[in-house]
Amino acid sequence: MSEDDYTKLMGFIRSYRSAKVLQLIGYRDRRTHRVAPTVDHAALGVVLQSLPPGQLVPVFSSSDEPEFDFLDLYATAKEVYAHLLLIIDGINGIVHA
């Protein structure tokens, strides 16, 4: 691999981890490994609370504000996947040059 191709490849790899990607990964991780986060309607979600032993407070409660807005998530996903497509296309250009 030439130095120029290596530099391009590393540029593509390093450009992937952006704030938008981390936001989308954070949503995915919360959706996968925890109680599903609320999107658009806070009343449809629950908040788990840790309580000291012996307390008689409800374990589930609802939040006043949703944790995510669908249109924001959608816009972020569109931007992330468009960038990912450019990365894949760029890597493909290096591999098949």
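Scroll up to find the structure.
Cut-offs used in this document
Once a new chain begins, its residue numbering starts again from 1 and follows that chain's sequence as written. Confidence filtering applies because this is a predicted model: local features only for residues at pLDDT of at least 70, side-chain atom pairs given and counted only at 80 or more, and all residues used for totals across whole chains, interfaces and linings. Excluded from the side-chain calculation are hydrogens and water; included are all heavy atoms of the structure. Under the DSSP-based scheme used, a helix requires at least four consecutive residues in state H or I and a strand at least two consecutive residues in state E, with every element numbered from the N terminus. Summary of the burial criterion: residues with accessible area below 20% of their type's maximum are buried, those above 50% are exposed, and those between are partly exposed, where the area comes from a 1.4 Å probe applied to protein chains only. For this analysis, residues touch if any pair of their heavy atoms sits within 4.5 Å. Surface exposure here means Shrake-Rupley accessible area, sampled with a 1.4 Å probe, where a residue is shielded only by the protein chains that are shown. What makes a salt bridge here is a side-chain nitrogen of Lys or Arg within 4 Å of a carboxyl oxygen of Asp or Glu, nothing more. By nonpolar core we mean a set of buried residues, namely Ala, Val, Leu, Ile, Met, Phe, Trp, Tyr and Cys, connected to one another through side-chain atoms within 4.5 Å.

Engineer: So what about the overall build of the chain? Which residues, and what values?
Structural biologist: On a plain count of helices and strands, the chain comes out with three helices and two strands. Secondary structure elements of the chain, listed N to C terminal, follow the sequence α-α-β-β-α. Out of the 97 residues belonging to the chain, those deemed buried represent 19%. Once local pairs closer than 6 in sequence are excluded, the contacts in the chain between residues at least 24 apart make up 62%. For the chain, the exposed area adds up to about 7,500 Å²; of that, 60% sits on carbon and sulfur atoms.

Engineer: Account for the pattern of salt bridges, naming residues and giving values.
Structural biologist: Oppositely charged side chains can form a pair if their charged atoms are brought close together. This model, assessed by the stated rule, comprises two salt bridges. Close ionic contact of Asp-4 with Lys-8 constitutes a salt bridge, the shortest N to O distance being 3.6 Å. Highlighted residues: Asp-4 and Lys-8, both in helix H1 (residues 3-16), separated by four residues, approximately one helical turn. The shortest N-O distance in the salt bridge between Arg-28 and Asp-29 comes to 2.8 Å.

Engineer: Describe the nonpolar core, naming the residues involved and giving the relevant values.
Structural biologist: In terms of nonpolar packing, the biggest core is built from five residues, these being Val-21, Leu-24, Ile-25, Ala-77 and Val-80. Where this core is concerned, the elements lending two or more residues are helix H2 (19-33) and helix H3 (70-95). It is H2 that provides the largest number of residues to this core, a total of three residues. The contacts of Val-80, once residues within four sequence positions are left out, are Lys-20, Val-21 and Leu-24.

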